[in-house]
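# Overview (structure and organization)
Here are the chains, one letter per residue:
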Amino acid sequence: MKKLKILLNGLLKENPVLVLVLGTCPTLAMSVSVINAVAMGLAATAVLTCSNMVISLLRKVIPDTVRIPCYIVVIAGFVTLVQMLMEAYLPELYEMLGVYLALIVVNCIILGRAEMFANKHNVLESALDGLGMGAGFTLALIAMATIREVLGNASFAGMKIGFLEPYKISFLTAPPGGFLVFGCLIALVAHITRGKAPQRKSFDCEGCPSASFCRKDCASCETAEKVEA
Amino acid sequence: METFKLMLKIIMTSVLVNNYVLSKFLGICPFLGVSKKLDQASGMGVAVIFVMLLATAVTWPIQTYLLDPNGMGYLQTIVFILVIAALVQFVEIVLKKYIPSLHSSLGVYLPLITTNCAVLGVTINNITDGYNFFESMVSSLGCGLGFLLAMVIFAGVRERMEESEPPKAFRGIPITLAAASIVSLAFYGFGGIVTSLFGE
């Protein structure tokens, strides 16, 4: 029961993208088309699950003071693995994802889960957490990509939708449309859950992607404190 | 003259047309997180320019003279992120020891920069675009300037936004993103400027 809860946690209640607002860069950049979104989501899920497992296995070996560099090496290793596999077997997708594939390394979700979850839980739980969070990330990406592709390009995963063709809003596939759709989706989730989900009010320390590097004295923290006060 | 023209072209492209934040979506976290106050936004921008230039100056020679000749190009991601992380730490230590005044103004931004995807992005893009060392440095400068410009403009927008009262569900992050969309729309208008000024 507890394990199921861990798995489902990332899907809705603590959805990394729509509730915790982490990993914004790939979400915005890779939601132009559904195919891109699925590819990005799966790549990130694979890296997240594997790195969570390895970090959980090594959590008693890694000294506390150098844990962040160790996490980065583990994550970068898996990212390189995914890059090589994709280049060999899915060269078209590799071209489409471009630099964003390498940038999975600095995806806040992955480092954040390593720091917040994997170094405190056992291997199975960490793997489930990685799968759940990855699935949440993928679903949020697909939701956004569906809105942007169907309304902006009158197609779904590359298939044309004929009757929408004259009404397409090409603004939505452009960068500004990404920001707008993302904002509206977060607002929608906030409206539906209305306080039930742990909504992130501001970019405070808890969900801050840099929390692990920071000794609570960075510029972001200062802003967060001022908001609270 | 040719060099100057090339420089100008690279800088214009990366500041206005391919702005890292507003059209390539790199470095969104600090863009949203540290843009509440104008002084913080500009401080973050300057720190990013500094680290971008430094990171490019180190990673470009590593890729060209160490990884490529030895057929280890696939190690790019690992090596680059480690170099950047170590570099940021190193810069922080050096600044703290020798230039404390600069550390007190830039230091608060440095922890935020290690995981900034714009820094890793610019070093990787310089390699993929096939720039030589000089062009890489210019392009890093341009990307940094573009980041600074976006931060400063957006800080101005946000200071005005603080006084507005959006619908309840939109409060906080959603309205910030909607505002970012409008700023990004303004930059979208620069679309064809470089090709019409400099030709293909």
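Values in this document were obtained by computation on a predicted structure and should not be read as measured data.

In this section: the packing of aromatic side chains. One pass over the full model with this rule turns up 5 aromatic pairs over all chains. Their ring planes at 70 degrees and their centres at 5.2 Å tell us that Phe179(A) and Phe25(B) sit as a pair that is edge-to-face. Remark: Phe25(B) occurs in the loop between helix 1 (2–17) and helix 2 (28–33) and Phe179(A) occurs in helix 9 (residues 175–193); the pair is interchain, linking two chains. Taken together, the aromatic side chains of Trp60(B), Tyr65(B) and Phe133(B) make up a single cluster linked through ring pairs. Here Lys97(B) stacks its cationic end above the ring of Tyr98(B), 5.5 Å away from the centre of that ring.

Further remarks concern the interface of chain B and chain A. Opposite the 44 residues of chain B that make contact, chain A presents 51 residues. Contact between chain B and chain A buries roughly 4200 Å² in total, counting both sides, with carbon and sulfur atoms accounting for 76%. The largest per-residue losses of area from chain B upon contact with chain A belong to Phe25(B), Thr115(B) and Ile173(B), which jointly make up 16% of the total buried on that side. Across the contact surface, chain B and chain A share 0 salt bridges. Viewed at the interface, chain A and chain B are joined by 3 residue pairs in polar contact (both at pLDDT 80 or more). Residue assignment for the side of chain B that touches chain A shows that the elements contributing at least two residues are helix 2, helix 4 (76–98), helix 6 (110–113), helix 7 (117–128) and helix 9 (173–188) of chain B. Broken down by element, the residue count for the side of chain B that touches chain A peaks at 9 residues, all from helix 9 of chain B. The residue inventory of the side of chain B that touches chain A, partitioned by class, reads 28 nonpolar, 12 polar and 4 charged.

Below, the discussion takes up helix 9 of chain B. Counted at 1.5 Å a residue, the expected span for helix 9 of chain B with its 16 residues is 22 Å, and the 22 Å between its end C-alpha atoms agrees. Looking at the buried residues of helix 9 of chain B, the elements they touch are helix 9 of chain A together with helix 1, helix 2 and helix 8 (133–161) of chain B.

Turning next to the environment of Pro174(B). For Pro174(B), the location among the structural elements is in helix 9. Considering only alpha carbons, one finds Pro174(B) and Lys97(B), 77 residues apart in sequence, at a separation of 41 Å. For Pro174(B), the contacting residues outside a window of four places in its chain are Gly183(A), Ile186(A), Ala187(A) and Ala169(B).

For the rest of this paragraph, the subject is the layout of surface pockets. Approximately 450 Å³ is the volume attributed to the second largest pocket. Lining the second largest pocket are 19 residues, and of these Gln83(A), Tyr94(A), Gln76(B), Ile124(B) and Thr128(B) lie nearest its centre. Elements that contribute at least two residues to the lining of the second largest pocket include exactly helix 4 (67–89), helix 5 (91–97) and helix 6 (99–102) of chain A together with helix 4 and helix 7 of chain B. Within the lining of the second largest pocket, the residues separate by chemical class into 7 nonpolar, 9 polar and 3 charged.

A word on the packing of helix 4 of chain B against helix 7 of chain B. Residues and elements named next belong to chain B. Relative orientation of the contacting elements helix 4 and helix 7 amounts to 135 degrees, with a least axis distance of 10 Å. As far as their axial angle goes, helix 7 and helix 4 are oblique. As helix 4 packs across helix 7, the resulting crossing turns out to be right-handed. In this structure, helix 4 contributes Gln76, Phe80, Ile81 and Ile84 to the contact, and helix 7 contributes Val119, Leu120, Thr123, Ile124 and Ile127. Considered class by class, the residues forming the contact of helix 4 with helix 7 number 7 nonpolar, 2 polar and no charged.

The next subject is the packing of helix 4 of chain A against helix 4 of chain B. Packing of helix 4 of chain A against helix 4 of chain B brings their axes to within 8 Å, and their N-to-C directions diverge by 150 degrees. Here helix 4 of chain A is positioned roughly antiparallel relative to helix 4 of chain B, judged by the angle of their axes. Pair helix 4 of chain A / helix 4 of chain B crosses with right-handed handedness. Of helix 4 of chain B, the residues touching helix 4 of chain A (which contributes Ile72(A), Val73(A), Ala76(A), Gly77(A), Val79(A), Thr80(A) and Gln83(A)) are Thr77(B), Ile78(B), Ile81(B) and Leu82(B). Considering only residue class, the contact of helix 4 of chain A with helix 4 of chain B consists of 7 nonpolar, 4 polar and no charged.

Phe182(A), Phe31(B), Met44(B), Ile113(B) and Leu120(B) are the most contacted members of the largest nonpolar core, which has 114 residues in total. Sequence-distant contacts of Met44(B), that is, excluding residues within four places in its chain, are made with Pro30(B), Val34(B), Tyr109(B), Leu112(B), Ile113(B), Asn116(B), Phe147(B) and Met151(B).

Its identity as a non-glycine residue notwithstanding, Ala154(A) has a phi of 50 degrees, on the positive side. Within the secondary structure, Ala154(A) sits in the loop between helix 8 (123–153) and strand 1 (155–156).

Glancing now at a negative patch on the surface. All names here are of chain B. Judged by side-chain charge, Asp39, Glu159, Glu162 and Glu163 come together as a negatively charged surface patch. With respect to the element layout, glutamate 159 can be found in helix 8. Accessibility expressed as a relative area gives 38% for glutamate 159, which makes it partly exposed.

Per the stated rule, a full pass over the model turns up 0 disulfides over all chains. Free of any disulfide, Cys25(A) has its nearest cysteine sulfur in Cys117(B), 3.0 Å distant. Relative accessible area serves as the criterion here: at 4%, Cys25(A) is assigned to the buried category. Between Cys184(A), a free cysteine, and Cys25(A), which holds the nearest cysteine sulfur, the sulfur-to-sulfur gap is 19 Å. Relative accessible area serves as the criterion here: at 37%, Cys184(A) is assigned to the partly exposed category.

Cut-offs applied
- Residues numbered from 1 in each chain as written.
- Chains lettered and ligands numbered in written order.
- Predicted model: local features only at pLDDT ≥ 70, side-chain atom pairs only at ≥ 80, totals over all residues.
- Heavy atoms only, no water.
- Phe/Tyr/Trp six-rings, centres within 6.5 Å; stacked < 30°, edge-to-face > 60°.
- Helix = DSSP H or I, 4+ residues; strand = E, 2+ residues; numbered from the N terminus.
- Lys NZ or Arg CZ within 6 Å of the ring centre and 35° of its normal.
- Contact = heavy atoms within 4.5 Å.
- Buried area = accessible area lost by both parts, 1.4 Å probe.
- Salt bridge = Lys/Arg side-chain N within 4 Å of Asp/Glu carboxyl O.
- Polar contact = N/O pair within 3.5 Å; in protein donor to acceptor, adjacent residues only side chain to side chain.
- Nonpolar A, V, L, I, M, F, W, Y, C, P; charged D, E, K, R; others polar.
- Expected span 1.5 Å × (residues − 1).
- 1 Å grid on protein atoms, 1.4 Å probe; cavity = no way out; pocket = protein on both sides within 12 Å on 5 of 7 lines; lining within 4 Å.
- Points joined across faces, edges and corners; volume = space filled by probe spheres on them.
- Axes fitted to C-alpha atoms, helices over the stretch in contact; angles between N-to-C directions.
- Parallel < 35°, antiparallel > 145°, perpendicular 65-115°, else oblique.
- Left-handed = near helix turned anticlockwise from the far one by under 90°.
- Core = buried A, V, L, I, M, F, W, Y, C linked by side-chain atoms within 4.5 Å.
- Buried < 20%, exposed > 50% of the residue type's maximum accessible area, 1.4 Å probe, protein only.
- Patch = residues over 30% accessible without salt bridge, like charges linked within 9 Å, V, L, I, M, F, W, Y side chains within 5 Å.
- Areas by Shrake-Rupley, 256 points an atom, 1.4 Å probe, with all protein chains shown as cover.
- Lys, Arg positive; Asp, Glu negative; His and termini not counted.
- Charge placed at Lys NZ, Arg CZ, Asp CG, Glu CD.
- Disulfide = S-S within 2.5 Å.

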